[in-house]
Amino acid sequence: MLNPRRIDQLLTEGPVGLSRRSFVATTVGGAVGLALLPGISLAQGAPAKPGSKPTEQPVAFVTIAADGTTTILCNRMDMGQGIETGLAMICAEELDTDWSKVRTGFGDQKPQYVDPRFGMHLTGGSNSIKNSYQQYRELGARTKAMLIAAASESWGVPASALKAENGVVSGGGKSAGYGELFDAAMKQPVPEAITLKDPSTFKRIGQPTTLTVSQAKSTGQQAYGMDVQLPGMAVAVIQRPPVFNGKVAKLDSSAALKVKGVKAVLPVTLDRGGQGVAVVASGYWAAKKGRDALKIDWDLAGVPKPDTKALTAQYLALVKTPGTPAPKPEFQADVSAWSQAPKKIVADYVLPYLNHAQMEPLACTVDLKADRCDVYFASQMPGLDAMALAKAVGLKPEQVQINVQMAGGGFGRRATPATEWPREAAAVAVALAQAGQRMPVKVIWSREDDMKSGYYRPMTVHRAEIGFDATGKILGWQHRIASQSILKGSPLEGFGYQKGVDNTTVEGMREPYEIPMNLSVHHPDVNVPVLWWRSVGSTHTAYVMETLVDEIAFATKQDPVAYRLKLMDGNAKAERHRLALQTAVDKSGYGKRKLKAGQAWGVAVHESFESVVAYVVVASVKGRGKDRQAVLEEVHAGVHCNLCVNPRAVETQVQGAAIMALATTMPTHRITFKDGVVEQSNFYDVAMPRMPDAPKVMTVSIVPSNDPPKGMGEPGLPPLAPALANAVARLTGKRQRELPFSFA
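Nothing here was measured: the structure is a model prediction, and the numbers come from that model.

Participant: Explain the overall build of the protein chain residue by residue, including any values.
Facilitator: Secondary structure summary: the protein chain contains 20 helices and 30 strands in total. Relative to the globule expectation of 27 Å for 744 residues, the C-alpha radius of gyration of the protein chain, 27 Å, shows essentially globular dimensions. Dimensions of the protein chain, computed from C-alpha atoms along their principal axes, come out at roughly 85 × 70 × 55 Å. Buried residues in the protein chain amount to 61% of all 744 residues. Contacts in the protein chain between residues far apart in sequence, at least 24 positions, make up 77% of those at least 6 positions apart. Carbon and sulfur atoms form 52% of the exposed surface of the protein chain, whose accessible area is close to 28,100 Å². Between the centroid of the 83 positive side chains of the protein chain and the centroid of its 68 negative side chains there is a distance of 4 Å.

Here it is in structure tokens:
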């Protein structure tokens, strides 16, 4: 998602000429014709007194039952990254409660659950633990202080003589469980001054902890957005046009209405102005069979029809010409010396559109009544979603309730700034009500629906022109990127589209290397909806940067690890990169053990969302000719995320990210267009790693730190593919300039 540093800067300063309040109003509210997000105005004018903001109120986050069972609500949406558990661990640490009695749940669109740093509801940018670490520590400490205050008042014992530990308050010869005191405690004033623990005394934070939902997930009992069931609920599917923004010219629904269980066939307006046809039925299969029976003539006149081959040629031509300069000064170096350098690399990279391919397809349940609308789905931005849905159903925002659900993966797909798929579900509910069939309705996207009609990671082309000498000193690096903008024209344009450049496109370029770079960008308009994809711009910038740096090391006969460390010299901000890289090197045995014949080392390091991950991998290549395929034998990760709240969660996030990144290198893992139509429809068209594709050895080593934690949902992905590509290049002599890999 968005670069958290940039969001924080803009929320603090705003673009030139805009106040913080008017900036948020115009970018988040005005761009979609809505008022401010819930919580934004509170964040703007919130009282300065500690403990008085909605985000600081324990009663909104912590509930303790009489038996001591403690429920801690997550102010985000969990899609497998483990933040539901991580935030509960942080709160429980300061609360000093019995961890075995802790349960978790989700907040909603109310002001209490905004991101305390950004002042808006947001799950993304790997910011959950990072931005709410201090908040949840304080919530736990305030809750404990209020429990002690309640005991003090009830027992007539000074609070200073009482202690709270492991779910029990004791002192003065008396004791009581937290559950016995909780109701009285919540009537106590929320304390302004609190004392937080010294990290050296932590008992829960830093301990490998199984996720609170692991048992439910592993036994099939966990409910997701797809599983919502309401009394009298119908199920709907939507037939979307084969080309984005197409419209219905002629509809024959007679056969569909004859399918048993079909209740209605309704035209609906889709995201970005296209038209579709919803089939509403008693269940999914009936709705699908009804949709299959529809006869639709589509009006595609005047609708642009993207074609991957043509787009590739267009982008390759664009990057041979100067684009819009990237606004940061470090991207505007004089690089004219590159063309006179004794050694040169001129390289074009082509990286495809990608589908998010989350395990649980999209689903949204809407229960629309005359004066209220309850919506059930895995929402990453419930504040924004509530506002958009209120407008869609003709109600006030306070009449819309978002019930945040657990998600079976997301990778960015569930955070569309235009509230695309929930609004489509709302459109079906409205159409049903207008047809006199008001009822709860769950709109389901099949895998094929999302693969062929969803949002995608942008196709991106890079061109690098690099000059260097025999020592590997880079004399000039001219770089151009062609890619659709994710933010331009969206409600979040003001957050990161500056001076004609989408900052998500260039994030991760150059860092952490002190090199002279000139960077410019082309943002073509294409009739393909694009969205952030796990680790956003770093998915392509890390690949390009780390394979090119490796190529220079190879061309100058230098060790790839030593060369990277040399390029970091003089950069004080690169210390965490050095530590992560050295940690991966030490764990892997790189340089100290001999690999088997047919194997090679690969190295890459990258920072995204303020965490650094370095990979040292061992790879081989199997097969012959164009059927050859890269094999990932070993993966050793060095991670620097500052203080690690839950090492087990970080380990699993890195493992999952590495496997997801492996997928991007596999044959057919891409989305392509022909005459405006997506050519892929399911996993048999888009290669995915299977169990035999996983590395035989995978280690994750975390660099110790007591500095405030950073995010880990995304940073494990970017460096894996380039590390593998670098190993493959040493085995085959060919640099992989495209993803997925090709051995033709």
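Moving on from the model shown.
Participant: Can you explain the sheet that holds strand β4 (residues 163-165)? Please cite residues and give values.
Facilitator: For sheets, the rule is that strands pair by backbone hydrogen bonds, running either parallel or antiparallel. Read across the open sheet, the three strands follow the order β4-β5-β6; overall the sheet is antiparallel. Two strands in the sheet have a free side with no partner beyond their single neighbour: β4 and β6 (174-177). In this sheet, adjacent strand axes meet at a mean angle of 20° when their direction is disregarded. Where strand β5 (residues 168-171) meets β6, four bridges bridge the pair, whose relative direction is antiparallel. The residue bridging Gly171 from the neighbouring strand is Lys174, located in β6. Packed on one face of the sheet, helix α5 (residues 128-155) meets β4, β5 and β6 and runs near 45° to β5. Its contacts with the sheet place helix α6 (residues 178-185) against β4, β5 and β6, and it is angled at close to 85° to β6.

Participant: Tell me about the sheet that holds strand β20 (residues 460-468), residues and numbers included.
Facilitator: Strand order in the open sheet formed by five strands is β12-β24-β21-β20-β13, with mixed pairing between adjacent strands. Where the open sheet ends on each side, the last strands, each with one partner, are β12 (324-325) and β13 (343-351). Along the sheet, helix α16 (residues 538-555) makes contact with β13, β20, β21 (474-483) and β24 (517-522), crossing β13 at roughly 150°.

Participant: So what's going on with the packing of aromatic side chains? Residues and values would help.
Facilitator: Scanning the entire structure with this criterion turns up nine aromatic pairs. Through pairs of rings, three or more aromatic residues link up here, namely Phe244, Tyr353, Tyr456 and Phe673. Lying over the aromatic face of Trp445, Arg240 brings its terminal NZ or CZ to 3.7 Å of the ring centre. The positively charged end of Arg413 is found above the aromatic ring belonging to Trp445, 5.3 Å away from the centroid.

Participant: Account for the packing of α5 against α6, naming residues and giving values.
Facilitator: Where α5 meets α6, the closest approach of the two axes is 8 Å, and the angle between their N-to-C directions is 90°. In terms of their interaxial angle, α5 and α6 are classed as roughly perpendicular. Contacts between α5 and α6 involve Lys144, Met146, Leu147, Ala150 and Ala151 on the former and, on the latter, Tyr178, Leu181, Phe182, Ala184 and Ala185. Per-class residue counts for the contact of α5 with α6 are nine nonpolar, no polar and one charged.

Participant: Before we move on, could you go through empty space enclosed by the protein and cite the residues and values that matter?
Facilitator: The tally for this structure, following the rule as stated, stands at seven cavities of 30 Å³ or more. Here the largest cavity is characterised by a volume of approximately 130 Å³. Lining the largest cavity are 17 residues; nearest its centre among them are Arg240, Phe244, Leu270, Arg272 and Ser453. When residues of the lining of the largest cavity are traced back to their parent elements, those giving at least two are α12 (420-434) and α13 (447-453). Looking at the lining of the largest cavity residue by residue, the classes come out as seven nonpolar, four polar and six charged.

Calculation rules
- Residues numbered from 1 in each chain as written.
- Predicted model: local features only at pLDDT ≥ 70, side-chain atom pairs only at ≥ 80, totals over all residues.
- Heavy atoms only, no water.
- Helix = DSSP H or I, 4+ residues; strand = E, 2+ residues; numbered from the N terminus.
- Rg over C-alpha atoms; globule rule 2.2 N^0.38 Å.
- Buried < 20%, exposed > 50% of the residue type's maximum accessible area, 1.4 Å probe, protein only.
- Contact = heavy atoms within 4.5 Å.
- Areas by Shrake-Rupley, 256 points an atom, 1.4 Å probe, with all protein chains shown as cover.
- Lys, Arg positive; Asp, Glu negative; His and termini not counted.
- Charge placed at Lys NZ, Arg CZ, Asp CG, Glu CD.
- Pairing = 2+ DSSP bridges.
- Axes fitted to C-alpha atoms, helices over the stretch in contact; angles between N-to-C directions.
- Phe/Tyr/Trp six-rings, centres within 6.5 Å; stacked < 30°, edge-to-face > 60°.
- Lys NZ or Arg CZ within 6 Å of the ring centre and 35° of its normal.
- Parallel < 35°, antiparallel > 145°, perpendicular 65-115°, else oblique.
- Nonpolar A, V, L, I, M, F, W, Y, C, P; charged D, E, K, R; others polar.
- 1 Å grid on protein atoms, 1.4 Å probe; cavity = no way out; pocket = protein on both sides within 12 Å on 5 of 7 lines; lining within 4 Å.
- Points joined across faces, edges and corners; volume = space filled by probe spheres on them.

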